[in-house]
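What the coordinates show
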Amino acid sequence: MSAADADDAVLYEVTPSGVAIVTLNRPDRLNAWGPDMAGPFYAAIDRAEQDPAIKVIVITGRGRAFCAGAHLGAPGSAGRVGESLESAGGKSVADLVGERPPHFVTELRKPVIAAINGPCVGIGFTQALMCDVRFAAAGAKLGAVFARRGLIAEFGVSWILPRLVGWGVALDLLLSGRTFLADEAARLGLVKEVVPPEDLLGRVLEYAEDIAGYCSPTAMAVIKRQAYGDATRDVVTATADAEALMWEALPRPDVLEGIVSFLQKRPPQFPSLTDA
């Protein structure tokens, strides 16, 4: 593995199997999201997206948390919150949280997996939900806590949450702003698996490396586009689009390799995902 400097706000590592690990690296503040983290995070994601050797992206946090919401300052700064909010009123959202909304990861061509190693609330919760698959450490706390801060449902969480858990559960979580544990998140369908904390990253990498080794990068890119695009289309349009995409897929070498490798009972050797 190769990693960025340990003091960087975001760390970047690559496994030999083609998995990029992007780690939020502000453990002293529970990886709370701030402008110092946004730029390096986008750069790391872009690096993984553009590298043909990378098949899957994993996002996690260093230390005890995944991302404990927006960075609101140290506990001793409570007396200056009013002044900070007044100043924030004159800024754009990009000035506060970065230039890209969390849903940008749904537009990537590569699968993105969240390894939720600890507290995951506020914008951190939204970031995790926008990942394609989520694993969580046992005991990790999650929450859409916006209403408890006097805020609205931020950054697209009102779009993604009902699609993952249904309207009733989504409104419970959004309106109550309550925090809940990883086990409940799994029952609700928000996370795929709950894993002992010490085994979390190993299990996520096992899952990611299986995808990297056996799934066509081109097929996964098209499937992601279908899944998120079809969320706002009717079934007739989605079916017609799928038929057109199928005819496009059939001549590609991925299909031949997928069938031949299955018949020969060997791991497939799919072409790398290119700009084309």
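Note that the coordinates shown come from a computational prediction; the quantities given were computed from them, not determined experimentally.

Calculation criteria
- Residues numbered from 1 in each chain as written.
- Predicted model: local features only at pLDDT ≥ 70, side-chain atom pairs only at ≥ 80, totals over all residues.
- Heavy atoms only, no water.
- Pairing = 2+ DSSP bridges.
- Helix = DSSP H or I, 4+ residues; strand = E, 2+ residues; numbered from the N terminus.
- Axes fitted to C-alpha atoms, helices over the stretch in contact; angles between N-to-C directions.
- 1 Å grid on protein atoms, 1.4 Å probe; cavity = no way out; pocket = protein on both sides within 12 Å on 5 of 7 lines; lining within 4 Å.
- Points joined across faces, edges and corners; volume = space filled by probe spheres on them.
- Patch = residues over 30% accessible without salt bridge, like charges linked within 9 Å, V, L, I, M, F, W, Y side chains within 5 Å.
- Areas by Shrake-Rupley, 256 points an atom, 1.4 Å probe, with all protein chains shown as cover.
- Salt bridge = Lys/Arg side-chain N within 4 Å of Asp/Glu carboxyl O.
- Buried < 20%, exposed > 50% of the residue type's maximum accessible area, 1.4 Å probe, protein only.
- Right-handed = clockwise from strand over helix to strand, strands pointing away.
- Parallel < 35°, antiparallel > 145°, perpendicular 65-115°, else oblique.
- Left-handed = near helix turned anticlockwise from the far one by under 90°.
- Contact = heavy atoms within 4.5 Å.
- Nonpolar A, V, L, I, M, F, W, Y, C, P; charged D, E, K, R; others polar.
- Core = buried A, V, L, I, M, F, W, Y, C linked by side-chain atoms within 4.5 Å.

Before going further, it helps to examine the sheet that holds strand β5 (residues 112-116). Sheet architecture is open: 6 strands sit in the order β1-β2-β3-β5-β7-β10, paired in mixed fashion. The open sheet is flanked by β1 (10-14) and β10 (193-195), the only strands paired with a single partner. For this sheet, the mean angle separating the axes of adjacent strands, direction not counted, is 20°. Bridging between strand β2 (residues 19-24) and strand β3 (residues 56-61) involves 6 bridges; their strand directions are parallel. Looking at β3, one finds that L24 is bridged to G61.

Next up on the list: empty space enclosed by the protein. Applying the stated criterion across every chain yields a total of 2 cavities of 30 Å³ or more. Quantified by volume, the largest cavity comes out at close to 70 Å³. Residue lining of the largest cavity: L24, W33, F41, I59, F66, C67, V105, Q127, A128 and C131, and that is the complete set.

Moving on to a nonpolar patch on the surface. On the surface, W167, L171 and L175 cluster together into a nonpolar patch covering about 390 Å² of accessible area. By the element assignment, L175 lies in helix α6 (residues 167-176).

When you tally the buried positions in β3, you get 6 out of 6 residues, the bulk of the element. Side chains V56, V58 and T60 of β3 all project onto a buried face; the interleaved residues I57, I59 and G61 project onto the opposite face, where all are buried too. For the handedness criterion, the β-α-β arrangement of β2, helix α1 (residues 35-50) and β3 is classed as right-handed. As judged from the 4 bridges shared by β3 and β5, these two strands associate in the parallel manner. When the sheet's bridge partners are listed, I57 is paired in β5 with V112.

Now for the packing of helix α5 (residues 157-165) against α6. Closest axis-to-axis distance for the α5/α6 pair is 7 Å, and the angle between their directions is 135°. Here α6 runs oblique to α5, going by the angle between their axes. Regarding α5 and α6, the two cross each other, and that crossing is right-handed. For the pair α5 and α6, contact is made by V157, S158, L161, P162 and V165 and by W167, V169, A170, L173 and L174, respectively. The residue makeup of the contact of α5 with α6, split by class, is 9 nonpolar, 1 polar and no charged.

Moving on, we come to the sheet that holds strand β9 (residues 179-181). In space, the 4 strands of this open sheet follow the order β4-β6-β8-β9, with mixed pairing throughout. The strands lining the two open edges of the sheet, one partner per strand, are β4 (67-68) and β9. As judged from the 2 bridges shared by strand β6 (residues 120-121) and strand β8 (residues 141-143), these two strands associate in the parallel manner. Counted as the bridge partner of C120 is L142 from β8.

The next thing to look at is the nonpolar core. One finds F41, I116, F125 and L161 to be the most contacted residues of the largest nonpolar core, which totals 48 residues. Here the element with the most residues in this core is α1; it accounts for 7 residues. Residues V58, V133, V204 and L205 belong to the second largest nonpolar core, which totals 18 residues.

Quick look at the pattern of salt bridges now. Counting across every chain of the model gives 11 salt bridges. In this structure, R109 engages E49 in a salt bridge whose closest nitrogen and oxygen atoms are separated by 3.2 Å. Of the two residues, R109 is situated in the loop between α3 (93-97) and β5 and E49 in helix α1; the sequence distance between them amounts to 60 residues. Residue R109 is classed as partly exposed on the basis of its relative accessible area of 22%. Given the relative accessible area of 11%, E49 is considered buried. Here K224 makes a salt bridge to D132, at a shortest N to O gap of 2.9 Å. With K224 in helix α9 (residues 217-230) and D132 in the loop between α4 (123-130) and β7 (133-137), this pair connects stretches of sequence that are 92 residues apart. Classification of K224 as buried rests on a relative accessible area of 7%. Under the relative-accessibility criterion, D132 is labelled partly exposed at 21%. When salt bridges that share partners are traced, they join K192, E193, R203 and E206 into one network.

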